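Here are the chains, one letter per residue:
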Amino acid sequence: MTGAIDILLKVRGHQRVPSDTKEFHEATKRDALMRLRKDLDNLLQTAEDAKKPGLQKEMCGFEALFHRFLQEDGPSVEWDRIEKLPEGAVKDYSSLRTPQESEIRNMLDKLVVIKLNGGLGTSMGCHGPKSVIPVRSDLTFLDLTVQQIEHLNKKYNANVPLVLMNSFNTDEDTEKVIRKYKGFQVQIYTFNQSCYPRVSRDSLLPVAKDFNIENDIEAWYPPGHGDFYQSFQNSGLLKKFIEEGREYCFLSNIDNLGATVDINILNRLLGDDRQGDKPIEFVMEVTDKTRADVKGGTLIQYENKLRLLEIAQVPKEHVDDFKSVKTFKFFNTNNIWARLESMERVLNARTMNMEIIVNNKTLDNGQRVIQLETAVGAAMKCFDGGIGINVPRSRFLPVKKTSDLLLVMSNLYSLKYGSLVMSPQRMFPTTPLVKLGDNHFSKVKEFLGRFANIPDLIELDHLTVSGDVTFGRGVSLRGTVIIIANHGDRIDIPAGAILENKIVSGNMRILDH
């Protein structure tokens, strides 16, 4: 049976359809929306009375997203209409001025720091929120963030608040964890992003039977970080911070250890480095693309506005162009600076129309569902006067896999007030390319068990490890090192070994005697 979603996705193609077919599709869409509305009303009836007003707001948001999904015909970007980035659209970080020390406190008091904290640590084999995984000296992502902001507040006698956007997956655990920061000089606020129902690919109706989310967690999902704007407003925090005289928020993923408050960028927004009469409403930090980043979103000029282009929006025949380092030099770090009053204006005008990402999933019971998501950077086109800033690579240090964890735990970095600083002993500022085999290294506990201690990586360029490999104490890896234990073999790298531009394969076991 052809699912309703398949009919609708075919409508999105380029082919022209006869008018009677078109009318049929229009009727199908109207019908789909009406049936969804009815189902959402029925779902709301099952919710606790105290929660109904908040859930009603959320379901209105979902209905609007679903309606836009039904309306979208064809690709969101026509490749031939992409324009060259105008002069000055992307500022070089080195062109920014450092503010006078005396001005910094005043600027910091107009800032709110927001961390996206909705993700779980499951991909790295950990339970609970990803932000509570220890990353260095037994400190978690959250510990490091709190330390960074407390240091700013103490150094400049400022009051920068930290706001965490949780999801229904991370909220309860995060609330327990943040109690330990009570004595710190940081005010912490939390709010939840929306919780939307997954819809069946066949019927386009929610698979959830009631609002008991814990009982049927697979029927619900957090709709991507593009949901930040609406949820932030719904929480009342946007209004509160505007009333306090705050002007900008700095938003980033909590697992990007390079995303610290940057005084020079703040100075461009609020200080003596401001240019022109109009305020900058939106800043996307981008950095130079390398071959490791070819899938990352990029900045383009389209219909006289800067906007984010993600690989999912690219027609198949242009994917190689998109990945080209020459054509698209930058990629989005997801470090975003946005003006609060502008955010409120766009939300109130209901013009926050971010591209919809259609994510197909199959549930454990085999049911095929879709979840509709949006990305936070895609809102750039909805603001006036947006710019990109080409920042150093050090501002993009995400920990998505244990290979990233290996780098941040190593002597490549030292820790200073919660921020990671690259060792001056490293001759060049690029981070090494590390690939660790999924079967033996993908889970944090297993990964840690394979190193007696983290090797010296100061002179490493490239490391590939595959198979059953362990490392003794005090190992040093330099240049390009490839270690491959074939199936059934095991390689133990001995304590104190120095491997420089080496390929190790076969079987090498060190036995205690």
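Quick caveat, the model's predicted, so the values are computed rather than measured. (Residues numbered from 1 in each chain as written. Predicted model: local features only at pLDDT ≥ 70, side-chain atom pairs only at ≥ 80, totals over all residues. Heavy atoms only, no water.)

Engineer: Residues and numbers for the nonpolar core, please.
Structural biologist: Counting 74 residues, the largest nonpolar core has Leu108 and Phe471 as its most contacted members. At seven residues, helix H5 (residues 141-156) tops the list of elements feeding residues into this core. Taken domain by domain, the makeup of this core includes at least three residues from each of domain 1 (79-192 + 223-395) and domain 2 (402-505). Not counting residues up to four positions away in its chain, the partners in contact with phenylalanine 471 are Phe441, Arg450, Phe451, Ala452, Pro455, Val465, Leu477, Ile483 and Ile493. Among the nonpolar cores identified, the runner-up in size contains 39 residues, and Leu237, Leu308, Ile336 and Ala379 belong to it. (Core = buried A, V, L, I, M, F, W, Y, C linked by side-chain atoms within 4.5 Å. Buried < 20%, exposed > 50% of the residue type's maximum accessible area, 1.4 Å probe, protein only. Helix = DSSP H or I, 4+ residues; strand = E, 2+ residues; numbered from the N terminus. Domains from an automatic or database assignment. Contact = heavy atoms within 4.5 Å.)

Engineer: Describe the UniProt feature "binding site: UTP" (unreviewed entry) in the protein chain, with residues and values.
Structural biologist: Under the local residue numbering, the UniProt record ascribes the feature "binding site: UTP" (unreviewed entry) to Lys130, Gln193, Gly224, Asp255 and Lys400. Examined against the element boundaries, glutamine 193 turns out to sit in the loop between strand E6 (188-192) and strand E7 (196-197). Setting aside anything within four residues of it in sequence, one finds glutamine 193 in contact with Glu58, Gly118, Met165, Asn166, Ser167, Pro222, Pro223, Gly224, Asp227 and Ser231. Tracing the chain through its elements places glycine 224 in the loop between strand E9 (220-221) and helix H7 (228-234). Using a relative accessible area of 18% as the deciding quantity, one classes glycine 224 as buried. Aside from chain neighbours lying at most four places away, what touches glycine 224 is Gln193, Glu373 and Thr374. (UniProt positions renumbered as here; feature names shortened; annotations may be inferred.)

Engineer: Could you give an account of the domain arrangement of the protein chain, with specific residues and numbers?
Structural biologist: Here the domain parsing of the protein chain yields domain 1 (79-192 + 223-395) and domain 2 (402-505). Summarising the inter-unit geometry, the C-alpha centres of domain 1 and domain 2 are found 30 Å apart. Summing the contributions of domain 1 and of domain 2, the shared interface buries around 1,300 Å²; its carbon and sulfur component is 64%. Across the domain 1-domain 2 interface, the total number found is zero salt bridges. Connecting domain 1 to domain 2 are six residue pairs in polar contact (both at pLDDT 80 or more). By residue number, the principal contributor to the side of domain 1 that touches domain 2 is H5, which donates four residues. In the side of domain 1 that touches domain 2, the residues fall into eight nonpolar, seven polar and one charged. (Buried area = accessible area lost by both parts, 1.4 Å probe. Salt bridge = Lys/Arg side-chain N within 4 Å of Asp/Glu carboxyl O. Polar contact = N/O pair within 3.5 Å; in protein donor to acceptor, adjacent residues only side chain to side chain. Nonpolar A, V, L, I, M, F, W, Y, C, P; charged D, E, K, R; others polar.)

Engineer: Which residues make up the sheet that holds strand E16 (residues 368-373), and what are the values?
Structural biologist: Here three strands make up an open sheet; going across it, the order is E8-E16-E15 and the pairing antiparallel. The open sheet is flanked by strand E8 (199-200) and strand E15 (357-362), the only strands paired with a single partner. One ladder, built from six bridges, connects E15 with E16; its direction is antiparallel. In the strand pairing of E16, lysine 361 is matched with valine 369. Most of the contacts of helix H3 (residues 52-71) go to E16, to which it runs at about 100 degrees, and overall it touches E8, E15 and E16. (Pairing = 2+ DSSP bridges. Axes fitted to C-alpha atoms, helices over the stretch in contact; angles between N-to-C directions.)

Engineer: Go over H5 with me, naming the residues and quoting the values.
Structural biologist: For the α-helix, the turn length of 3.6 residues means that residues three or four positions removed from each other point alike. Taking 1.5 Å of rise per residue, 16 residues should cover 22 Å, and H5 covers 23 Å from first to last C-alpha, within 8% of that figure. In terms of residue burial, H5 counts as a mostly covered element, since 12 of its 16 residues are buried. For H5, every residue scored as buried is listed here: Phe141, Leu142, Asp143, Leu144, Thr145, Val146, Gln148, Ile149, Glu150, Leu152, Asn153 and Tyr156. One or two residues past the end of H5 sits asparagine 157, with phi positive at roughly 55 degrees. (Expected span 1.5 Å × (residues − 1).)

Engineer: Give me the lowdown on the UniProt feature "binding site: substrate" (unreviewed entry) in the protein chain, citing residues and values where you can.
Structural biologist: Within this structure's numbering, the places UniProt gives as "binding site: substrate" (unreviewed entry) are His225. Looking at where histidine 225 falls in the secondary structure, it is placed in the loop between E9 and H7. When near neighbours in sequence (up to four residues on either side) are disregarded, histidine 225 contacts Leu116, Met165, Asn253, Asn334, Thr374, Ala375 and Val376.

Engineer: Would you mind going over the sheet that holds strand E10 (residues 248-253) in detail, with residue names and values included?
Structural biologist: Spatially, E1-E17-E11-E14-E10-E2-E5-E6 is the arrangement adopted by the eight strands of the open sheet, whose pairing is mixed. Each of the sheet's edge strands pairs with one partner strand only, and the pair in question is strand E1 (90-92) and E6. Pairs of neighbouring strands in the sheet enclose a mean axial angle of 25 degrees, with direction left out of account. By the bridge criterion, three bridges tie E1 to strand E17 (residues 386-390) in an arrangement that is parallel. Bridging from a neighbouring strand, aspartate 92 pairs with asparagine 390 of E17. Of the strands in this sheet, strand E2 (111-117), strand E5 (162-166) and E6 touch H5, which is tilted by about 155 degrees from E5. The strands that helix H11 (residues 340-348) touches are E2, E10 and strand E14 (330-339); relative to E14, the one it contacts most, it runs at about 90 degrees.

Engineer: So what's going on with the pairing of E17? Which residues, and what values?
Structural biologist: Of all five residues that make up E17, four are buried, and the element is covered over most of its length. In this structure, strand E11 (residues 282-288) lies alongside E17, joined through five bridges in parallel fashion. What sits directly across from glutamate 285, in E17, is isoleucine 389.

Engineer: Report on the pattern of salt bridges, specifying residues and quantitative values.
Structural biologist: All told, the structure shown has 27 salt bridges when counted by the stated rule. Measuring nitrogen to oxygen at the nearest pair gives 2.6 Å for the salt bridge that ties glutamate 63 to arginine 37. Here glutamate 63 is found in helix H3, whereas its partner arginine 37 is found in helix H2 (residues 19-45), with 26 residues between them in sequence. A salt bridge links aspartate 384 to lysine 305; the shortest N-O distance between them is 3.3 Å. Placement of aspartate 384 in the loop between E16 and E17 and of lysine 305 in strand E13 (residues 305-309) is noted, with a sequence separation of 79 residues between them. On the basis of relative accessibility, which here comes to 40%, the residue aspartate 384 falls in the partly exposed class.

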